[in-house]
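So you can see what is in the structure, the chains are spelled out below.
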Amino acid sequence: MSSVFTTMTPARLSRRGFLNTISALLMLASLTFFGHSVWIFAKAQLAQVLLERAFTQSILTGKPVRAWSWADTTPVARIKIERIGAEAIVLKGSSGEAMAFGPALVNETSRPGTRGTSVMAAHRDTHFSFLKNVKIGDLIEVTRDDGLVFNYHATNMRVVDWNKSGIDAHEAGFHLVLATCFPFDAITHGPQRYVVEAEMVK
Amino acid sequence: MNAITLHRSLNYKKTLYKLVIAMIATCMTAQAAFAGARLVTPNDMTAGSLLLKSSEAGKYIAAPAVASDYTVNISGPTSRTVVTQQFYNPSESWVEGVYVFPLPDNSAVDTLKIVSGTRVIVGEVKEKQEAKVIYEEAKNKGEAAALLEQDRPNMFTNSLANIGPHEKILVQIEYQQTIAQSSGTYDLRLPLVVAPRYNPAPIVQTVDFGASKNGLATTKNEAPQPPVLNPAEVAPTNPVSITVNLDAGFALGEVKSAYHKVDIVEKGANVRVVTLSGVVPADKDFDLTWTAAGTAPQAGLFKETVNGHDYMLGFVTPPVVATNNTAHPREITFVIDNSGSMEGTSMPQAKDSLLYGLAQLTPADRFNVIRFDDTMDNLFGSAVQADADHIAQAKSFVTGLKANGGTEMLAPMKAALVDASPNDKTYLRQIVFITDGAIGNEQELFDAIAKGRGRTRVFMVGIGSAPNSYLMTRAAELGRGTFTQIGEGTQVTSKMKDLFGKIGNPVITDVHAQIFGSTAKITPEQLPDLYRGEPVMLMADSGSLSGVLKITGMIGDQPWEVKLPLADAAQGKGISKLWARRKIAELEVASTLGQITQAEADKVVLKTALDHQIVSSLTSLVAVDHSPKRPAGYVLTRADVPLNLPSGWVWESVFGNDSPSQNVLHTDQKAEAEFLQLAKFDPAKSPAPATQVNLPQGATDAELMAIMGFILAMLAMALQFFARRKAVLA
């Protein structure tokens, strides 16, 4: 019996070749996924550097400046939480595109510093990975693209469904909401969001 | 290996395969979800920083914007274009978006669709008034509705009712057109913006009411004038993307875009895919030209049968025969437009063109120069000998011209048409009319040419980034001349050279076409004279087309004749629509020339347009989505989509220094935010819609991707291990 298997039959050879091919394909797919993953993080990081530059320009010139010529959005604010060393440039419009590059000021919500609620959203694994560290009472400093600075302090945190946020963009008073996906360590997308609510400091 | 191990290994394998398939499926789903999420790319070029005055005094509304995509499929001598317009309403109110946009002047528009979510609502061609009524009813009921109306053959208005706050709605328009060809160059021109037009102040009625002609009806409707953005204050809006699938039908030589950067991909000898490099604002014409690698076809016949009726498109390029154009001295009247719309890049181009023309004159010729804005100067009063003195005088006059003021085109055209000696056969009488055609009273100009043309031929030279091609083409047709388009300073010499090559004598006169073997009607009935390099273009219709098409003419003193067997005609889609469009143009020309009355023309125009389901001066396309949209109690506000100022134009010269931005109020963002806030709390206003904020997706796929990558890598290694182990086992 053993003599039968000392030499490999062509059938066996091709079966092995098949397994090797599958294995190589899987490896290739694996690299693609890794590459994609790295790309998402790299893009998020690089964009913030360019955005920081564009934002400074915006403040100096008083006009919206695109961070790169084909950017479909412009920086509108900088948020900073001194205690945890967090900082990010916020973009206009909450398209998937904008959020790949930075936190986004959700459409239809107030401009920071104006009456109503400004809602800023970002991905929990890139720009808003720090959100889980924010505590009640933390000072959130928002610099607008016209150079004006507004201070908010965090008053509340809660978990909500994306379409039942209860956030009113036109609520009386001056509010800021930072939102990201919840739970923080989930792998797939879910309906839940983690929101940090803040009030303007007079 | 015994039976048990074999069995186990098979089981192993099955499990393994299952696992692999499951993994791949999971990955693909994740990939699809990722792609889906990325597809949502709202057009952020619409900055929403524009406010329009609304009908209510002191109230403003954020201006809607339109992003357009043009997909042009060229197949030989015809093309079909799909225009997708995405209306975006950046305001908090329900809005009726009104977008004025241009299309080629020979386009047969036959399709209008509203794409609402997954539903597609297809529009119908109706008589203009009826379409308007259907639209207004739907509008008042709060339903989404689109109405496409023709203002001019090259200018359309698309109204879209009931766009919700921050909503985007897609409207698709399709049209058929013939491709222009001259001297072996094929030309697709896609106008992208309607230039602001000058509508002259009402002139004193000079029409003799005794005459039966009531052609004035068409002069009453002024061209609509949407708000125009001042480029100094606002970033360009209304982004455009273009894809041209060019199948020339012959091996292609050079393919070139005159004014836009494009990417050209070769797909075989006859085919190119041309795409605009990136997205551009709609502020100038797109112009694509191509030539044949070898000799371009000299003739073509295409046929379509619709409802048992045959329609045909045919063209023949006559042979080039050397003619002696200088034998006849010429009398050329140059007319140059120095109105405000010419300021910027247009004026130098116009001047250079005229100076080129002056340089072509010989002492045997006679000439005159007329300039106009809302005033005019007739340099010599009438034609003078083209001697050195006069030429020098004219040069200095032209060089000193400055662009300013309105565009009163009628008086200079009339002055140029005045012929002191109509029976003089020594001189060929010609007018070279240099303008951007930014006027709204086209018909008055056409009437003037039709009435006063006599022996004079009118050559139109269109200047600038967005000239009024309808005015140019029709004026040249009525004046039996040609239309030359100059879009950039660098084109002046080549284009003017081409024009002066043509301008001598028409190469071929007395062109007649006839079909032997079946009763068919040729459109147009009277074929125009041909200039150098121009083909005979004609259409025909018959119950059943067969037999031979015979075209005759005179090349100089020599008779010319060509015969085309109709049996050889290739099938061509949309030929019937092109026939209908040409028929309508012919009827309009005939009515302008007084050969038929306006009423007679209208009757046939309406029938033709309805039979062939195309938009015309008397028919519109209307589409209604009957599912209710706007809740009762919410007010609908009309908002014109503001247009870009054509590229190269100067704002102040058109609108003056006192009007910073017509009825567009550009506010800084601060004021705008404040305004919007105020508007919200205005108790007089209808209750603001429930404004709960929906939170966007807050995680990337990075981690998922990484984990997928990891699992796949492990799987790959497991497989390797498995394969090796088996080898070792063996």
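Heads up: the structure comes first, above all this text.
From a predicted model like this one, the values you see are computed outputs, not experimental measurements.

Would you take a moment to explain the overall build of chain A for this structure?
The number of helices and strands found in chain A is three helices and eight strands. For chain A, the α and β elements follow one another from N to C terminus as α-α-β-β-α-β-β-β-β-β-β. Classification of the 202 residues of chain A by burial places 41% in the buried group. Long-range pairs, those at least 24 residues apart, make up 53% of the contacts in chain A between residues at least 6 apart in sequence.

Help me understand the overall build of chain B, please; the structure alone is not making it clear to me.
Looking only at helices and strands, chain B features 14 helices and 39 strands. Buried positions account for 46% of the 730 residues belonging to chain B.

Sorry, what's going on with the nonpolar core here?
Where a protein is soluble and globular, its nonpolar side chains tend to be buried together. Ranked by size, the top nonpolar core spans 158 residues in total, and within it Met312(B), Phe459(B) and Ala475(B) carry the most contacts. Each of domain 2 (50–199 + 225–290 + 619–666) and domain 3 (325–503) of chain B gives at least three residues to this core. Residues within four places of Ala475(B) in sequence aside, it is in contact with Leu445(B), Phe446(B), Ile449(B), Val458(B) and Met460(B). Among the nonpolar cores identified, the runner-up in size contains 58 residues, and Val142(A), Ala179(A), Tyr194(A) and Val196(A) belong to it.

I'm lost on the packing of helix α10 (residues 575–592) of chain B against helix α11 (residues 598–611) of chain B in this one. Help?
Two quantities define a packed helix pair, namely the angle between the helix axes and the distance between the axes. Residue and element names in this part refer to chain B. Their axes nearest at 9 Å, the elements α10 and α11 cross at an angle of 175°. Classified by the angle their axes make, α10 and α11 are roughly antiparallel. Residues Ala580, Lys583, Ile584, Leu587, Glu588, Ala590 and Ser591 of α10 touch α11, and the partners they reach there are Gln598, Ala601, Val604, Val605, Thr608 and Ala609. Classifying every residue of the contact of α10 with α11 gives eight nonpolar, three polar and two charged.

Before we go on, may I ask you to explain the pairing of strand β34 (residues 558–565) of chain B in this structure?
Working note: regular strand, side chains alternate between the two faces of the sheet. Residue and element names in this part refer to chain B. The sheet contact formed by strand β33 (residues 548–555) and β34 spans eight bridges and is antiparallel. Bridging from a neighbouring strand, threonine 552 pairs with glutamate 561 of β34. Linking β33 back to β34 in an antiparallel pair, the connection comprises two residues, with glycine 556 at a positive phi of about 60°.

Would you mind going over the pairing of strand β9 (residues 143–152) of chain B with me for this structure?
Across the 10 residues that make up β9(B), a large majority, eight, are buried. Counted along the chain from β9(B) to the antiparallel partner strand β10 (residues 155–163) of chain B, the turn is two residues long.

What should I look at first to understand the sheet that holds β34(B) in this one?
Within a sheet, each strand pairs with its neighbour through backbone hydrogen bonds, oriented either parallel or antiparallel. Residues and elements named next belong to chain B. Taken in spatial order, the three strands line up as β30-β33-β34 in an open sheet, and their pairing is antiparallel. Whereas interior strands pair on both sides, the edge strands pair on one side only; in this sheet they are β30 (508–516) and β34. Recorded for the sheet is a direction-independent mean angle of 15° between the axes of neighbouring strands.

Could you clarify how one ought to interpret unusual backbone geometry in this entry?
Note: most peptide bonds trans; most residues except glycine with negative phi. Geometrically, the link from Phe182(A) to Pro183(A) is a cis peptide bond, its omega value of -10° lying close to zero. Relative to the elements of secondary structure, Pro183(A) occurs in the loop between β7 (174–181) and β8 (192–200). With an omega of 0°, the peptide bond running from Thr523(B) to Pro524(B) counts as cis. Note on placement: Pro524(B) falls in the loop between β31 (521–523) and β32 (536–542). A positive phi angle is found at Asn162(B), which is not glycine, with a value near 65°. Position of Asn162(B) among the secondary structure elements: in strand β10. Taking the number of C-beta atoms within 10 Å as the measure of exposure, Asn162(B) has 25 and is therefore buried. Of note, Ser183(B) is a non-glycine position whose phi angle comes to about 50°, a positive value. With respect to the element layout, Ser183(B) can be found in the loop between β12 (180–182) and β13 (185–190).

Sorry if this is basic, but what is going on with the sheet that holds β32(B) here?
Residues and elements named next belong to chain B. The sheet built from five strands is open, its strands ordered β31-β32-β22-β21-β35 with mixed pairing. Every other strand in the sheet has two partners, leaving β31 and β35 (570–571) as the edge strands with one partner each. Pairing geometry for strand β21 (residues 299–306) and strand β22 (residues 309–316), over eight bridges, is antiparallel. Looking across to β22, one finds that phenylalanine 302 is bridged to leucine 313. Relative to β22, α10 is tilted by about 75°, and along the sheet it contacts β21, β22, β31 and β32.

Where do I start with the environment of Thr619(B) in this structure?
All names here are of chain B. Considering the arrangement of structural elements, one finds threonine 619 in strand β36 (residues 619–628). With 14 residues separating them in the primary sequence, threonine 619 and valine 605 have C-alpha atoms 9.1 Å apart. Excluding residues that lie within four positions of it along the chain, threonine 619 makes contacts with Val125, Lys126, Glu127, Lys128, Leu606, Ala609 and Leu610.

Just checking my understanding: could you explain helix α7 (residues 442–452) of chain B for this structure?
Since the α-helix advances by 3.6 residues per turn, residues separated by three or four positions end up pointing in the same direction. Residues of α7(B) that are buried: Glu442(B), Gln443(B), Leu445(B), Phe446(B), Asp447(B) and Ile449(B). At the C-terminal side of α7(B), Gly454(B) shows a positive phi close to 50°.

What counts, and at which threshold
- Residues numbered from 1 in each chain as written.
- Chains lettered and ligands numbered in written order.
- Predicted model: local features only at pLDDT ≥ 70, side-chain atom pairs only at ≥ 80, totals over all residues.
- Helix = DSSP H or I, 4+ residues; strand = E, 2+ residues; numbered from the N terminus.
- Buried ≥ 20, exposed ≤ 12 C-beta atoms within 10 Å, placed from the backbone.
- Contact = placed C-beta atoms within 7 Å.
- Core = buried A, V, L, I, M, F, W, Y, C linked by C-beta atoms within 7 Å.
- Domains from an automatic or database assignment.
- Axes fitted to C-alpha atoms, helices over the stretch in contact; angles between N-to-C directions.
- Parallel < 35°, antiparallel > 145°, perpendicular 65-115°, else oblique.
- Nonpolar A, V, L, I, M, F, W, Y, C, P; charged D, E, K, R; others polar.
- Pairing = 2+ DSSP bridges.

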